[in-house]
Amino acid sequence: MTAPSILTTPFSDVDPFSPDVLEDPLPFQADLRNAGPVVYLRTYDVYAMGRYEQVRAALSDWQTFQSAAGVGLSNFRYEKPWRPPSLLLEADPPHHDAPRAVLSTILGPREIRRLGEAWAADAESLVDDLLSKGTEFDAVADLASSFPLRVFPDAVGIPEEGRKNLLPYGDHVFNAFGPPNELVAKGEPRVAELSASIASQCARDVLTSEGFGAQIWAAADRGDITEEQAPLIVRSLLTAGVDTTVNGLAAVLYAFATNPEQWARLRENPALARTAFDEAVRFESPVQTFFRTTTRDIEVGGTLIPEGKKILMFLGSANRDPRRWENPHAFDLNRDPSGHVGFGFGIHQCIGQHIARLEAATLLDVLARRITSIGISGPTRRHHNNTLRAWQSLPVRVSVE
Ligand code: OVM
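Residues numbered from 1 in each chain as written. Predicted model: local features only at pLDDT ≥ 70, side-chain atom pairs only at ≥ 80, totals over all residues. Heavy atoms only, no water.

A. Unusual backbone geometry, seen in detail. In this model, P93 is joined to P94 through a cis peptide bond whose omega is 10°. Looking at the secondary structure, you find P94 in the loop between strand 4 (65-66) and helix 4 (97-106). In the Ramachandran plot, D45 falls in the positive-phi region, its phi being about 55° despite a non-glycine side chain. With respect to the secondary-structure elements, D45 resides in the loop between strand 2 (39-41) and strand 3 (46-49). (Helix = DSSP H or I, 4+ residues; strand = E, 2+ residues; numbered from the N terminus.)

B. Broad picture of the nonpolar core. In this structure, L143, F212, I216 and F256 are the most contacted members of the largest nonpolar core, which totals 107 residues. Looking at which element gives the most residues to this core, the answer is helix 17 (residues 353-370), with 10 residues. Those residues in contact with F256, other than ones at most four positions away along the chain, are Q262, W263, L266, A276, F331, L333, L364 and I374. With 13 residues, the next largest nonpolar core counts V21, A35, L41 and L73 among its residues. (Core = buried A, V, L, I, M, F, W, Y, C linked by side-chain atoms within 4.5 Å. Buried < 20%, exposed > 50% of the residue type's maximum accessible area, 1.4 Å probe, protein only. Contact = heavy atoms within 4.5 Å.)

C. Fine view of the pattern of salt bridges. Overall, the coordinates contain 22 salt bridges when judged by the stated rule. Of the charged contacts in the structure, one is a salt bridge between E124 and R370, with a shortest N-O distance of 4.0 Å. Pair noted here: E124 is in helix 5 (residues 113-133) and R370 is in helix 17, with a separation of 246 residues, a long-range link. Classification of R370 as partly exposed rests on a relative accessible area of 26%. Between D171 and K186 there is a salt bridge, with its nearest N and O atoms 4.0 Å apart. Highlighted residues: D171 in helix 8 (residues 166-176) and K186 in helix 9 (residues 182-187), separated in sequence by 15 residues. D171 sits in the buried class, given a relative accessible area of 14%. (Salt bridge = Lys/Arg side-chain N within 4 Å of Asp/Glu carboxyl O.)

D. The site of the ligand, seen in detail. What surrounds the ligand is the set R83, S86, L89, F174, F177, S236, T239, A240 and F290. Measuring from an oxygen atom of the ligand, one finds a side-chain N or O atom of R83 at 3.0 Å. In the environment of the ligand, an oxygen atom lies 2.7 Å from a nitrogen or oxygen atom belonging to the side chain of S86. Out of a free accessible area of 300 Å², the ligand has 87% covered by protein chains. (Near = heavy atom within 4 Å. Polar contact = N/O pair within 3.5 Å; in protein donor to acceptor, adjacent residues only side chain to side chain. Areas by Shrake-Rupley, 256 points an atom, 1.4 Å probe, with all protein chains shown as cover.)

And the structure:
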């Protein structure tokens, strides 16, 4: 990378979606932050931001950095989206407002509190079953993915069949925000099948009468949203609510398994579970990147970005920017991780974050009471995805009282 100067914008020829960078994005992110506040990525003709200040400012300015042209590399002004755009993620005010208002009420901290009690029993029985089989297991398959898949589909109210498609569909959606590389090609054969499966689960008559899905349809009955909007809002839950929480849980379990002193702190003070989860979201940033599109010429950090350009925001890099965070590469329950941009920031900030925190706190609460120590017991394996920082396998060994 070139050094920043008054005359030229620093540029890079690195492909941030290449297997090497996806395996370990941290060296690239450090180079990106050091190169300047804005770096031109020649591989994709996009402008990248890796520092906290600029990422947060761009997230806060939806008028200049729009989402409606897509939050992936593809520019919806010129390219037809591969699926009907999300009414939340890929929209801006005014169209964004009614769906956002409806869903943020349904997923609000007070509204979801009653779920916590039922989920505690689910977490207890999951951990009971697991520990009865032994003290070595895969923290991804046996905890990070099994717990969300046990509680979240029921909370939405979708039928049993088709649940197995949630993770593969999400994996493809998050790949599709990136460039059309091998990860996207790998998912293409199943796109039609998976999209049809997900769409069928958004219909009013297949959803249980109590869940989030039914509440979205009830909002259509009240006229808060239209009947055309309702199934797409249910789709957002099914798309954004599974792979993200699975990898958020995997992140916090990995962080504890590699930082035993932090596990001891959690056991001393289980009320730290929520801080621990947000610190893990900062530390690993399960959603690593999103794009925006400029709606006007704008100067950022000495670079003039023209109108209509794609901007790649590195949330994970912002969350480890030493300009913002002391000792950014440490997983530390002593810090206040609030202000991280792992859930985004501004009008599009994660609408499901209270659900994610509730899932994590419920599971960690049970684990902290049952497990005295947790460590890695074999080779760990990343799962590569164009957007997600994900795990394939995390073999762990635990001790119990
Ligand atoms: C959506 C959606 C999909 C993926 C991610 C996301 C992180 C939202 O369909 O609304 O937010």
